[in-house]
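Architecture and fold: a report
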Amino acid sequence: MEIFVADTYKQMSMKAAQDVITLMQASKNKLLCIASGDTPAGLYKEIVSKVKTGALDVSDWKFVGLDEWAGMNGHDEGSCRYHLDKQFFFPLKINKEKISFFNGRAADLEKECATTEDFIKQHGGITVAILGIGLNGHIGMNEPGTSPLLHSHIAEIDPETQAVGQKYFTTPRQLSHGITLGISNLIQARHIILLASGINKAAIVKKALEEEISKQLPVTLLRDHTGFKIYLDAEAAQLVQL
Ligand code: PGA
């Protein structure tokens, strides 16, 4: 596990973007696991800007979405896909065939899980997984208590996450369930890039690094992964001794 601390959110995003690009370019298969949330938005902005200026070509990259709220897809304002379409897929005009993303509105969510697993296999596994971290240590929608053995699955959302998740929406939403890649999918990724920024993440970052590995704190389940790198800004790093 490596930790990189930047002074600012912008510097953290720039460094993480550069590392994602380097890792993707060095890999023969190029499947990027892409997470929504406020934290990775700056990283996506960097990648979009590099493509727009001609400094980067992502035409051979493929994408798998980390998670989605049950009952929602890209047509729902505030959904994970909605934000990523706006921040990443639309500006880069990524062809739909290159993206696998859980459709939380599908009648058969188990089938969505199977389709995602097939897509990952078909593309040789996840090259780089970009992740944020929840205030309770969740990763994707793998909430405290999740089994580390799970692949794509339907998850119950922790009450704290249901409350925090309202920030992505303009009107109150029911966020009781989600569909997510499991810890097992992420452990199998070749590289994991986890980002945390801001003072409100300082306490969970400290726990993520210092508490015993346990499924009660899902982020700790990633700690033994040899390609795990954590990117923090100064505020998020405030409580850790480095
Ligand atoms: P955030 O979400 O980046 O919006 O803080 C992180 C997460 O819940 O995984």
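Everything that follows concerns the structure shown earlier in this document.
Residues numbered from 1 in each chain as written. Predicted model: local features only at pLDDT ≥ 70, side-chain atom pairs only at ≥ 80, totals over all residues. Heavy atoms only, no water.

**Here we look at the packing of aromatic side chains**
One pass over the structure, following the stated rule, counts 8 aromatic pairs. Taking the centre distance of 5.4 Å and the plane angle of 65° together, the rings of Y44 and F88 count as edge-to-face. With Y44 in helix α2 (residues 41–52) and F88 in helix α3 (residues 80–89), the pair connects residues that are 44 residues apart, well separated along the chain. By relative accessible area, which is 0% here, Y44 ends up buried. A relative accessible area of 0% means that F88 is categorised as buried. Seen from their ring centres, W61 and F63 are 6.5 Å apart, and the 45° between their planes marks the pair as tilted. Taking the relative accessible area as the measure of exposure, W61 reaches 1% and is therefore buried. (Phe/Tyr/Trp six-rings, centres within 6.5 Å; stacked < 30°, edge-to-face > 60°. Helix = DSSP H or I, 4+ residues; strand = E, 2+ residues; numbered from the N terminus. Buried < 20%, exposed > 50% of the residue type's maximum accessible area, 1.4 Å probe, protein only.)

**A short note on the side chain of D67**
Along the polypeptide, D67 turns up in strand β4 (residues 67–69). No salt bridge is formed by the buried D67; the nearest opposite charge belongs to R81, separated by 11 Å. Only 3.5 Å separates the side chain of D67 from the backbone nitrogen of M141, close enough to count as a polar contact. Ignoring sequence-local partners within four residues, the contact set of D67 consists of S36, C80, F101, F102, G140, M141, I179 and T180. (Lys, Arg positive; Asp, Glu negative; His and termini not counted. Salt bridge = Lys/Arg side-chain N within 4 Å of Asp/Glu carboxyl O. Polar contact = N/O pair within 3.5 Å; in protein donor to acceptor, adjacent residues only side chain to side chain. Contact = heavy atoms within 4.5 Å.)

**Let's talk about the site of the ligand**
The environment of the ligand is made up of G37, D38, T39, G132, I133, G134, H138, K167, Y168 and K201. Between an oxygen atom of the ligand and a side-chain N or O atom of K167, the distance comes to 2.7 Å. Across the complex, the protein chains shield 85% of the 280 Å² of accessible surface that the ligand would expose by itself. Grouping the amino acids of the shell around the ligand by side-chain chemistry returns 2 nonpolar, 5 polar and 3 charged. (Near = heavy atom within 4 Å. Areas by Shrake-Rupley, 256 points an atom, 1.4 Å probe, with all protein chains shown as cover. Nonpolar A, V, L, I, M, F, W, Y, C, P; charged D, E, K, R; others polar.)

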